[in-house]
Amino acid sequence: MLRKKLAVLLATAMVAAVAAGCGGADNTSAPAADAPATEDAAPAEDAAPAEDAAADDGEAAAPAASGDVITVGYAQVGHESDWRTANTQNYQDVFCEANGYELSLIDCDNDNAAQLEAVRNFITQQLDYIVIAPIETAGWDTVLQEAQDAGIPVIIADREIAADASMYDAWVGTNTKNEGITAGNWLAEYLDGKEAKILVIEGSVGASATLGRSEGFNEVAKEHSEWEILDSQSGDFTQDGGQEVMESFIKSYEGQFNVVVCHNDNEAYGAMDAMDAAGIKYGVDGDVIIISFDATHDGLQYTLDGKINCNVECNPIQAAVVAEVIQKMQNGEDYEATTLVNDEAFVAPGIESQHATTMTEEILAGRAY
Ligand code: AHR
């Protein structure tokens, strides 16, 4: 019998911790024959094994207690971004054989139907636990009921779903609305009453990371009559998507905008490429302020270089927290129903902010993903 503790745990320290003995190896199990393709994305060049990321982060997730292998299915969103690559690598590092796990990680390639199929295959295979990073918030009730009927605990990770909390067992992720609020508050502080003509490159349609960041940012924007959001389009959390949307924004709004908000770093890279091609200067020395989300290694490099003005973190290193929840379930102990992974924000050198930390070489050197 699983015992849920209804408190919200704020995971800051333990989020990057993993058990010793695993690192970087591909521990992905083969999918069922009719399942979507397994994860094949290589880790980013700068993605180090999570032990490095854990260096100052204390406690490690306990290995499987009984000696029996715990089978875990992870229905991963896809491989759309550097964030996602880091998140996948983190699950492979934590849910490895040496830690007592067998991980079936399915890359759902941003396809809802494939993700539902992946979860159904996990149920058919009678895996011990199912972890879902939901592509979209909607459409989960039926398959969650099927998992419940099969007696398989489900942990929703990274993003949120629009289902009653009784339909799943635990949630681990970041507060994306707060990320949007932080971005808005930083912009208000930076502009100090000056006008903003804003273009937004949103994430994937229907994803809670998109909805949360938009809701949070728009909430702040409403308080500023001197701001106008000129347009908002989805770049699907990809570099190509960011570039395409920015190219079309430039055609429609050239000379009319001074802020571009990108819902993740990869979109920001695409937007910068489009602005470079159009001869538009951005960043601390330019005419256009760039705000990004994720704060991955390369995104923070651009922030340190002054190309991205403000980068709000979304921490992809979440697997140890999920493992902690699973271990507690496994031992029949109380576990946290909701674990919030903490984020911070970073700004380019020369910018002082009460909402964000000014980037340094040291911060970048400590960013493994
Ligand atoms: O759900 C987290 C978001 O998904 C990250 O911001 C983005 O990079 C990813 O694709």
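(A) Structural detail: the packing of helix α2 (residues 82-94) against helix α10 (residues 319-330). It is the contact of α2 with α10, at a shortest axis distance of 9 Å, that shows an interaxial angle of 40°. One way to sum up the angle between α2 and α10 is to call them oblique. Each of Asn90, Tyr91 and Val94 in α2 lies in contact with α10, whose residues at this interface are Ala319, Ala320, Val322 and Ala323.

(B) Representation of the packing of aromatic side chains within the structure. Per the counting criterion, the structure on display carries 7 aromatic pairs. Between Tyr91 and Phe95, the ring centres sit 5.7 Å apart and the planes meet at 20°, which makes this aromatic pair stacked. Given a relative accessible area of 0%, Phe95 falls into the buried group. Measuring from centroid to centroid gives 4.7 Å for Trp186 and Tyr190, while their planes differ by 25°, and the two rings are stacked.

(C) Region of interest: unusual backbone geometry. Unusually for a residue other than glycine, Asp109 sits at a positive phi of about 50°. Its location among the elements puts Asp109 in the loop between β3 (101-107) and α3 (112-124). One non-glycine residue with positive phi stands out, namely Asp192, at about 50°.

(D) Highlighting the site of the ligand. In the vicinity of the ligand, the contacting residues are Glu80, Ser81, Trp83, Arg84, Asp158, Arg159, Ala209, Arg213, Phe237, Asn264 and Asp294. Contact distances for the ligand include 2.4 Å between an oxygen atom and a side-chain N or O atom of Glu80. One of the side-chain N or O atoms of Ser81 is found 3.0 Å from an oxygen atom in the ligand. For the ligand, whose free accessible area comes to 280 Å², the fraction covered by protein is 100%. Only α2 and α6 (208-222) provide two or more residues apiece to the shell around the ligand. In terms of residue class, the shell around the ligand is built from 3 nonpolar, 2 polar and 6 charged.

(E) Here's a closer look at the sheet that holds strand β13 (residues 345-347). With respect to topology, 7 strands assemble into an open sheet ordered β8-β7-β9-β10-β11-β13-β14, the strand pairing being mixed. Edge positions in the sheet fall to β8 (227-234) and β14 (357-358), since each has one partner strand and no second. Set on the sheet, helix α7 (residues 239-253) makes contact with β7 (196-202), β8 and β9 (259-262); between it and β7 the angle comes to about 150°.

(F) View of the nonpolar core. With 50 residues, the main nonpolar core has Val72, Tyr91, Phe95, Leu144, Ile155, Val322 and Ile326 as its most contacted residues. Non-local contacts of Val322, meaning those with residues more than four positions away in its chain, are made with Tyr91, Phe95, Val131, Ile155, Ala157 and Val172.

(G) Local environment of the packing of α7 against helix α8 (residues 265-278). As a packed pair, α7 and α8 sit with axes 6 Å apart at the nearest point and diverge in direction by 40°. When the interaxial angle is binned, α7 and α8 end up oblique. The crossing of α7 and α8 is right-handed. Contacts between α7 and α8 pair Gln239, Gly242, Gln243, Met246, Glu247 and Ile250 from the former with Asn266, Glu267, Tyr269, Gly270, Ala271, Asp273, Ala274, Met275 and Ala278 from the latter. For the contact of α7 with α8, the residue count by class is 7 nonpolar, 5 polar and 3 charged.

(H) Summary view of the confidence of the model for the protein chain. Here the protein chain averages 87 in pLDDT, and 82% of its residues register 70 or above. Below a pLDDT of 50 lies the segment residues 12-21, which in the model reaches 39 contacts outside its immediate sequence neighbourhood of four places, other chains included. Under a pLDDT of 50 for its full length, residues 24-63 has, in the predicted model, 93 contacts with residues more than four places off or in other chains.

(I) Highlighting the pattern of salt bridges. Inspection of every chain in the model, using the stated rule, returns 12 salt bridges. One salt bridge in this structure joins Arg120 and Glu146, with 2.7 Å as the shortest N-O distance. Here Glu146 lies in helix α4 (residues 141-149) and Arg120 lies in helix α3, a separation of 26 residues in the sequence. A salt bridge links Glu313 to Arg367; its shortest N-O distance comes to 3.1 Å. Here the residue Glu313 occupies a position in strand β11 (residues 310-313), and Arg367 occupies one in the segment after α11 (361-365), the gap between them amounting to 54 residues. Across this residue pair, the class does not change: Glu313 and Arg367 are buried.

(J) Looking closely at α10. The end-to-end C-alpha distance of α10 is 16 Å, a good match for the 16 Å that 12 residues give at a rise of 1.5 Å each. Burial within α10 is extensive, with 11 of its 12 residues counted as buried.

(K) Just the side chain of Gln318, in detail. With respect to the element layout, Gln318 can be found in the loop between β11 and α10. In this structure Gln318 comes out as buried when scored by relative accessible area, which is 0%. Among the polar contacts listed, one links the side chain of Gln318 to the backbone nitrogen of Asp158, at a separation of 3.3 Å.

(L) View of the environment of Glu223. Secondary-structure assignment places Glu223 in the loop between α6 and β8. You can call Glu223 exposed: its relative accessible area is 60%.

(M) Quick look at the environment of Trp186. Along the polypeptide, Trp186 turns up in helix α5 (residues 176-191). Look at Trp186 and you get buried, because its relative accessible area is 0%. The sequence separation of Trp186 and Asn309 amounts to 123 residues, and the corresponding C-alpha distance is 9.9 Å. Those residues within four positions of Trp186 in sequence are excluded, and the remaining contacts are Ile289, Ile291, Asn309, Cys310, Val347, Ile351, Ser353 and His355.

Conventions used here
Residue numbers restart at each chain and count upward from 1, following the sequence in its written direction. Where local features are concerned, this predicted model is filtered to residues with pLDDT of at least 70; where side-chain atom pairs are given and counted, the filter is 80 or more; whole-chain, interface and lining totals use all residues. Each side-chain value is derived from all of the structure's non-hydrogen atoms; neither hydrogens nor water enter the calculation. Between N-to-C directions, angles span 0 to 180 degrees; the directions come from axes that are lines fitted to C-alpha atoms, helices contributing only their stretch in contact. Only DSSP runs of H or I covering at least 4 residues are called helices, and only runs of E covering at least 2 are called strands; the numbering of each starts at the N terminus. Oblique is the label for any angle not under 35 degrees, not over 145, and not in the 65 to 115 range, which are roughly parallel, roughly antiparallel and roughly perpendicular in turn. Any pair of residues with heavy atoms lying within 4.5 Å of one another is described as a contacting pair. Side-chain rings of Phe, Tyr and Trp, where Trp is taken by its six-membered ring, are said to pair if the distance between their centres is within 6.5 Å; with planes under 30 degrees apart they count as stacked, over 60 as edge-to-face, and otherwise as tilted. Summary of the burial criterion: residues with accessible area below 20% of their type's maximum are buried, those above 50% are exposed, and those between are partly exposed, where the area comes from a 1.4 Å probe applied to protein chains only. Only a single heavy atom is needed: when it lies within 4 Å of a molecule or strand, its residue is near that molecule or strand. Polar contacts, as counted here, are pairs of nitrogen or oxygen atoms within 3.5 Å of one another; within protein the pair requires one atom able to donate a hydrogen and one able to accept it, and residues that are adjacent in sequence qualify only if both atoms are side-chain atoms. Here, Shrake-Rupley sampling with a 1.4 Å probe gives the accessible areas, and only protein chains in the shown set may cover a residue. The nonpolar class holds Ala, Val, Leu, Ile, Met, Phe, Trp, Tyr, Cys and Pro. Asp, Glu, Lys and Arg form the charged class, and all remaining residues, Gly among them, are polar. Only when DSSP finds a minimum of two bridges between them are two strands counted as paired. For the purposes of this section, nonpolar cores are sets of buried Ala, Val, Leu, Ile, Met, Phe, Trp, Tyr and Cys residues that join through side-chain atoms within 4.5 Å. Crossing handedness is read from the near helix: turned anticlockwise from the far helix by less than a right angle, it gives a left-handed crossing, and turned clockwise, a right-handed one. Note: pLDDT gives the predictor's confidence per residue, expressed from 0 to 100. For this analysis, a salt bridge means a side-chain nitrogen from Lys or Arg found within 4 Å of a carboxyl oxygen belonging to Asp or Glu. For a helix, the expected span equals 1.5 Å multiplied by the number of residues minus one.

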